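Secondary and tertiary structure notes
Here is how the chains run, residue by residue.
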Amino acid sequence: MEIEEIDVDENIGEVGRVLREHERRRGILIHVLQEIEENNGYLPEGVLRRLSRKLDLPLAEIYSVASFYKMFHFTPRGRKVVKVCLGTACYVRGSKKVLTALEDEFGIKSGETTEDLALTLETVGCVGCCGLAPVTTVNDEVIGETGTKKLEALVRSIKKG
Ligand code: FES
């Protein structure tokens, strides 16, 4: 029998219909999560609870789906999300120093957000522009050759908001 010939309804009847409905809700789920993330900068628990009731999907399933994707976050993010590239090219050209300087300046570690939500600091593998190493991104805008002057300007802009 060819795959195309399989009639899910015929073979599994009601289960097939339920599965399709479930998959449809899971499909909607991803789009709704993207919108919630866009509107809030993260996925607030209260909103996910409401969504769980609305879609009739267990909250645990929603968390399970959301935590699979790196694009979703469960805590508030900073107004500036700074990612320091620790890929090989950037690392050998001093990106670890950039990271340490930012950590020291703002009193947070990579993966954390300042209390005033001015900054979320993260690291990234390679952003694909190794020729500009060491590279830092600010809200996805690339800053190449992050030396002392650019770092100072970045710190000022974060503090300014
Ligand atoms: S290693 Fe940093 S951009 Fe490639």
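Scroll up to find the structure this text is about.
Presented here is an overview of the structure given in this document.

Cut-offs applied
Residues numbered from 1 in each chain as written. Predicted model: local features only at pLDDT ≥ 70, side-chain atom pairs only at ≥ 80, totals over all residues. Heavy atoms only, no water. Helix = DSSP H or I, 4+ residues; strand = E, 2+ residues; numbered from the N terminus. Buried < 20%, exposed > 50% of the residue type's maximum accessible area, 1.4 Å probe, protein only. Contact = heavy atoms within 4.5 Å. Arc of directions from axis to C-beta. Pairing = 2+ DSSP bridges. Axes fitted to C-alpha atoms, helices over the stretch in contact; angles between N-to-C directions. 1 Å grid on protein atoms, 1.4 Å probe; cavity = no way out; pocket = protein on both sides within 12 Å on 5 of 7 lines; lining within 4 Å. Points joined across faces, edges and corners; volume = space filled by probe spheres on them. Nonpolar A, V, L, I, M, F, W, Y, C, P; charged D, E, K, R; others polar.

**Some details on the environment of Lys 96**
With respect to the element layout, Lys 96 can be found in helix 5 (residues 95-106). For Lys 96, a relative accessible area of 37% gives the class partly exposed. Sequence-distant contacts of Lys 96, that is, excluding residues within four places in its chain, are made with Leu 86 and Tyr 91.

**Remarks on helix 3 (residues 59-68)**
Those residues of helix 3 that sit buried are Leu 59, Glu 61, Ile 62, Val 65 and Ala 66. For helix 3, the angular spread of buried residues about the axis comes to 160°, placing them on one side. Residues of helix 3 that are exposed and point over 90 degrees away from its buried face: Ala 60 and Phe 68.

**What to know about the sheet that holds strand 3 (residues 136-138)**
The sheet built from 4 strands is open, its strands ordered 2-1-3-4 with mixed pairing. For this open sheet the edge positions go to strand 2 (119-124) and strand 4 (141-143), each flanked by a neighbour on one side alone. Averaged over all pairs of adjacent strands, the angle between strand axes in this sheet comes to 25°, irrespective of strand direction. Bridge count for strand 1 (residues 80-85) against strand 3 is 3 bridges, and the pairing is antiparallel. In the strand pairing of strand 3, Val 82 is matched with Val 138. Sitting on the sheet, helix 5 touches strand 1, strand 2 and strand 3, and the angle it makes with strand 1 is about 145°. Running at roughly 155° to strand 1, helix 6 (residues 148-160) makes contact with strand 1, strand 2, strand 3 and strand 4 of the sheet.

**Details of the layout of surface pockets**
Taken as a whole, the largest pocket holds about 270 Å³ of empty space. Lining the largest pocket, in full, are Glu 37, Lys 70, His 73, Arg 77, Val 81, Lys 83, Glu 122, Thr 123, Val 124, Asn 139 and Asp 140. At the level of elements, strand 1 and strand 2 are the ones that each hand at least two residues to the lining of the largest pocket. It is strand 2 that contributes the most residues to the lining of the largest pocket, 3 residues altogether. In the lining of the largest pocket, the residues fall into 2 nonpolar, 3 polar and 6 charged.

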